[in-house]
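Chain by chain, the residues:
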Amino acid sequence: MFTRPETPAGRHPQPAWKTKISHARAVTHQHRAWLRAFIDDESAMLAKLTAAEIPAVDAHTLAGLTTTELRTALEAPTAPTTGRPA
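Notes on the structure follow. Per chain, residue numbering runs from 1 following the sequence as it is written. With pLDDT at 70 or above as the cut-off, local features in this predicted model cover only qualifying residues; side-chain atom pairs require 80 or more to be listed or tallied, and sums for whole chains, interfaces and linings still use all residues. With hydrogens and water stripped out, all remaining heavy atoms of the structure feed into the side-chain values.

## Observations regarding the pattern of salt bridges
In a structure, side chains of opposite charge can pair up when their charged atoms sit close to one another.
1) Next: Think of a salt bridge as a Lys or Arg side-chain nitrogen and an Asp or Glu carboxyl oxygen that are within 4 Å of each other. One pass over the full model with this rule turns up 1 salt bridge.
2) Next: Notably, a salt bridge pairs K20 with D40, separated by 2.2 Å at the nearest N-O pair. Highlighted residues: K20 in helix α1 (residues 16-30) and D40 in strand β1 (residues 38-40), separated in sequence by 20 residues.
3) Next: For D40, a relative accessible area of 8% puts it in the buried group. A run of H or I in DSSP becomes a helix once it reaches four residues, and a run of E becomes a strand once it reaches two; helices and strands are each numbered from the N terminus. For each residue, the accessible area found with a 1.4 Å probe, counting protein chains only, is set against the maximum for its type, and the residue is called buried under 20%, exposed over 50%, and partly exposed in between.

## Topic: unusual backbone geometry
1) Next: The phi torsion at E53 lies on the positive side, around 60°, for a residue other than glycine.
2) Next: With respect to the helices and strands, E53 occurs in the loop between α2 (43-51) and β2 (56-58).
3) Next: Overall, E53 belongs to the exposed group, its relative accessible area being 66%.

## Observations concerning the packing of α1 against α2
1) Next: Following both chains from N to C, one finds α1 and α2 inclined at 40°, their axes separated by 10 Å at the closest point. It follows from the interaxial angle that α1 and α2 lie oblique. Crossing geometry of α1 relative to α2 is assigned as right-handed. In contact with A16, W17, K20 and I21 of α1, α2 contributes M45, K48 and L49. To obtain each axis, a line is fitted to C-alpha atoms, and for helices this fit is confined to the stretch in contact; angles are then taken between N-to-C directions over 0 to 180 degrees. Any angle that is under 35 degrees is reported as roughly parallel, and any over 145 degrees as roughly antiparallel; angles of 65 to 115 degrees are reported as roughly perpendicular and all others as oblique. Should the near helix be turned anticlockwise from the far one by less than a right angle, the crossing is left-handed, and should it be turned clockwise, the crossing is right-handed. Contacts are assigned to residue pairs that have any heavy atoms within 4.5 Å of one another.

## A look at α1
Each full turn of the α-helix corresponds to 3.6 residues, which orients residues three or four apart in the same direction.
1) Next: Between its terminal C-alpha atoms α1 stretches 22 Å, which fits the 21 Å expected from 15 residues at 1.5 Å a residue.
2) Next: Every buried residue of α1 is listed here: T19, I21, H23, A24, V27 and T28. In this scheme, a helix's expected span is set at 1.5 Å multiplied by one less than its residue total.

## Looking at the environment of A59
1) Next: Mapped onto the fold, A59 is located in helix α3 (residues 59-63).
2) Next: Judged by relative accessible area, A59 falls into the partly exposed class, the value being 26%.
3) Next: A59 sits 13 residues away from L46 along the chain, and the two C-alpha atoms are 9.9 Å apart.
4) Next: Sequence-distant contacts of A59, that is, excluding residues within four places in its chain, are made with I39, D40 and D41.

## What about the nonpolar core?
Grouped burial of nonpolar side chains is what soluble globular proteins tend to show.
1) Next: Grouped together as the largest cluster of nonpolar side chains are 10 residues: I21, A24, V27, L35, F38, M45, L46, L49, I54 and A56.
2) Next: At the level of secondary structure, the elements contributing two or more residues to this core comprise α1 and α2.
3) Next: Residue contacts for I21: discarding those within four places in its chain leaves K48, L49, A52 and I54. Buried residues of nine kinds, namely Ala, Val, Leu, Ile, Met, Phe, Trp, Tyr and Cys, make up a nonpolar core once their side-chain atoms join them within 4.5 Å.

## Some remarks on the packing of aromatic side chains
1) Next: Any two rings among Phe, Tyr and Trp, with Trp reduced to its six-membered ring, count as a pair given centres within 6.5 Å; such a pair is stacked if its planes are under 30 degrees apart, edge-to-face if over 60, and tilted if neither. The full count for this structure, using the stated rule, is 0 aromatic pairs.
2) Next: Between K48 and the ring centre of W17, over which it is positioned, the NZ or CZ distance is 4.5 Å. Counting as a charge over the ring demands two things of the Lys NZ or Arg CZ atom: a distance within 6 Å of the ring centre and an angle within 35 degrees of the ring normal.

In short, the description is geometric, and any link to function would need to be established separately.
Here it is as structure tokens:
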């Protein structure tokens with residue numbers, strides 16, 4: 001798990017989406033399959049990540065899944081990016 005350095009709220013010089021993209025590139029540089037997807041609950045973050053070709057999954061989509069469904073969703077060649085369970 002990667003995190004940004006701790007700073008006072010709202011004071012970090014790099015937006016969270018840039019940090020996530022940077023972390024994704026660091027991981028996939030070693031081996032593409034090491035990153036299944038980032039999980040986030042903000043649609044704007046999902047859009048930025050997927051625009052950068054980083055697999056990203058809506059946390060709300062995963063929240064209602066069983067363990068088996070969760071594993072299937074995360075092992076899919078392209079993880080789902082949007083859509084909330086009905």
